[in-house]
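As a plain string of letters, each chain reads:
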Amino acid sequence: MVRYLINMEYKDFFKSELKNLKEQGLYREFRNIDRPIKSFPNADESFRNKEREVEVWCSNDYLNMSQHPEVVNEIVKTLLEYGSGSGGTRNISGTSSYHTELEKKLANIHNKESALVFASAYTANQSTLWTLGKKIKDIEIFSDELNHASLIQGIKNSGAKCHIFNHNDVDHLEALLKQADADNPKLIVFESLYSMEGIRSPIIKIVELAKKYNCMTYLDEVHSVGLYGEEGRGIAVEMGVENKIDIINGTLAKAFGQMGGYIAASSEIIDYIRSFAPGFIFTTSICPSIAAGASKAIDIVSLAEQLRIRIRENAALIRQNLDSLAIPYLDTNSHIVAVLINDPFLCKKVSKDLIEDHGIYAQPIFYPTVPKGLERLRITVTPKHRKEHIEKMIKALDIVWSKNNLPRKNINKVIGNI
């Protein structure tokens, strides 16, 4: 009887928490979307016993590498030869030639000595920052307020002293650096391109501050690698500061279309993280077939300037159309277009109307992914989207915008501290 009452209390707790989430408009529903290679950006949706074709406008498979025939063939070939799993952690089951070859290519992308592959970019961020914060005595970490959850979680878990500076505000960052103990080690953590806004960081100014105050730097390039810089090497390379960044984090799951993440740095830093980071030591490594596919994707992306040009042209066309309709968005001149709605219930309603009435799939973005009150649709275009796809999406958005009586005030230039 006692056990039954305790279980009921637990059950009531979970029910209450979920009810509260729904009342705030923050409950998430997932739609079943299958993306056949031959039809993308069209995809097959199965939701509540209904099946139909929809257009995908929220994929992070930025360059469609997950569907590239050479990448797919490389994965299948390796899968048939070596099987579907890695056998465990690299500390237990060893590594493979596919992992080491991939790490060489990743280090080369960022002009670093070494790289280390993790099961995900989230794990790479969280585990690396936990290790640095935990192991370096008296370290003080300076983190941009809009940093990704994986960066925040790694810093929090480490227990290190953390200072949060206003988004992209180098004056605030310097003020915090001045207040810090000059004798303590310091680490600045930031992103090159913030994924929910498409806003670049003032990377050169941050690097200058790091040198002035003797700080290490940790840069997340997840949404930049493959899309910016010479051969898609990222914004740090584009700006010529990659050698002034101590640790660069990236992903295999976006522009390269696979899964997994990594860090690139000096050979000493990589060896240190490899030896001390629990998220690497105790996590099964990515499959050899995935490593082979990622390696092939890197080769293709390095030569894919036309894909990068096309994605920029497509994003520019979307912004032009939004301007003509006075639909508010953040004009950041990147491949990410954030259409601002600023209400969780309305954001979910717009997303629902788009897919159910027009077959346009764009997931609503709300807290904790973005701050409360800044809810949005995050539109991501790919090289496979053509002009007619863009026109259809814009027409549907226009209709849904009017249907929900949303304001048509163009606030695209107001992108300061959001």
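Residues numbered from 1 in each chain as written. Predicted model: local features only at pLDDT ≥ 70, side-chain atom pairs only at ≥ 80, totals over all residues. Heavy atoms only, no water.

## What about unusual backbone geometry?
Here is step 1 of the chain: Here Phe-40 and Pro-41 are connected by a cis peptide whose omega angle stands at 15°.
Here is step 2 of the chain: Within the secondary structure, Pro-41 sits in the loop between strand E1 (32-34) and strand E2 (42-47).
Here is step 3 of the chain: Backbone torsion omega between Tyr-367 and Pro-368 reads 10°, so that peptide bond is classified as cis.
Here is step 4 of the chain: Along the polypeptide, Pro-368 turns up in the loop between strand E16 (364-365) and strand E17 (376-380).
Here is step 5 of the chain: Within the chain, Glu-231 stands out as a residue other than glycine whose phi angle is a positive 60°.
Here is step 6 of the chain: In this structure, Glu-231 sits in the loop between strand E10 (216-220) and helix H9 (235-238).
Here is step 7 of the chain: Judged by relative accessible area, Glu-231 falls into the partly exposed class, the value being 34%. (Helix = DSSP H or I, 4+ residues; strand = E, 2+ residues; numbered from the N terminus. Buried < 20%, exposed > 50% of the residue type's maximum accessible area, 1.4 Å probe, protein only.)

## Some thoughts on the packing of aromatic side chains
Here is step 1 of the chain: Taken as a whole and judged by the stated rule, the model has four aromatic pairs.
Here is step 2 of the chain: On the numbers, 5.4 Å between centres and 65° between planes, the contact of Phe-13 with Phe-14 is edge-to-face.
Here is step 3 of the chain: For Phe-13, a relative accessible area of 46% gives the class partly exposed.
Here is step 4 of the chain: On the numbers, 5.7 Å between centres and 70° between planes, the contact of Phe-118 with Phe-280 is edge-to-face. Highlighted residues: Phe-118 in strand E4 (residues 114-118) and Phe-280 in helix H11 (residues 278-281), separated in sequence by 162 residues. Each member of the pair, Phe-118 together with Phe-280, is buried.
Here is step 5 of the chain: The aromatic ring of Tyr-27 is capped on one face by Lys-22, whose charged end is 4.7 Å from the ring centroid.
Here is step 6 of the chain: Directly above the aromatic system of Tyr-367 lies the positively charged group of Lys-372, at a separation of 4.8 Å from the ring centroid. (Phe/Tyr/Trp six-rings, centres within 6.5 Å; stacked < 30°, edge-to-face > 60°. Lys NZ or Arg CZ within 6 Å of the ring centre and 35° of its normal.)

## Structural notes on the side chain of Glu-174
Here is step 1 of the chain: Looking at the secondary structure, you find Glu-174 in helix H7 (residues 170-179).
Here is step 2 of the chain: At 2.7 Å, the side chain of Glu-174 and the side chain of Lys-212 are in polar contact.
Here is step 3 of the chain: Apart from residues lying up to four places away in sequence, Glu-174 is in contact with Leu-209, Lys-212 and Tyr-213. (Polar contact = N/O pair within 3.5 Å; in protein donor to acceptor, adjacent residues only side chain to side chain. Contact = heavy atoms within 4.5 Å.)

## As for the pattern of salt bridges
Here is step 1 of the chain: Applying the stated criterion to the full structure yields 23 salt bridges.
Here is step 2 of the chain: A salt bridge links Glu-103 to Arg-90; its shortest N-O distance comes to 2.7 Å. Note that Glu-103 is positioned in helix H4 (residues 97-109) and Arg-90 in helix H3 (residues 90-93), a separation of 13 residues in sequence.
Here is step 3 of the chain: Take Arg-90: its relative accessible area is 15%, and that puts it in the buried class.
Here is step 4 of the chain: Arg-308 is the salt-bridge partner of Glu-305, the closest N and O atoms lying 3.0 Å from each other. With Glu-305 and Arg-308 both in helix H13 (residues 305-325) and three residues apart, the pair spans about one turn of that helix. (Salt bridge = Lys/Arg side-chain N within 4 Å of Asp/Glu carboxyl O.)

## Here's the deal with the environment of Val-222
Here is step 1 of the chain: Within the element layout of this structure, Val-222 appears in the loop between E10 and H9.
Here is step 2 of the chain: Note on Val-222: relative accessible area 8%, which makes it buried.
Here is step 3 of the chain: Along the primary structure Val-222 and Ser-195 are separated by 27 residues, whereas in three dimensions their C-alpha atoms are 8.5 Å apart.
Here is step 4 of the chain: Not counting the four nearest positions on each side in its chain, Val-222 is found in contact with Ala-121, Asn-249, Gly-250, Thr-251 and Lys-254.

## Some remarks on the packing of H13 against helix H15 (residues 387-403)
Here is step 1 of the chain: Put simply, H13 and H15 touch, their axes get as near as 10 Å, and they point 30° apart. By the criterion of interaxial angle, the relationship of H13 to H15 is roughly parallel. Both H13 and H15 take part in a crossing whose hand is right-handed. Note on element contacts: H15 touches H13 through Lys-387, Ile-390, Met-393, Ile-394, Leu-397 and Asp-398, opposite Asn-314, Leu-317, Ile-318, Asn-321, Leu-322 and Leu-325.
Here is step 2 of the chain: By residue class, the composition of the contact of H13 with H15 is eight nonpolar, two polar and two charged. (Axes fitted to C-alpha atoms, helices over the stretch in contact; angles between N-to-C directions. Parallel < 35°, antiparallel > 145°, perpendicular 65-115°, else oblique. Left-handed = near helix turned anticlockwise from the far one by under 90°. Nonpolar A, V, L, I, M, F, W, Y, C, P; charged D, E, K, R; others polar.)

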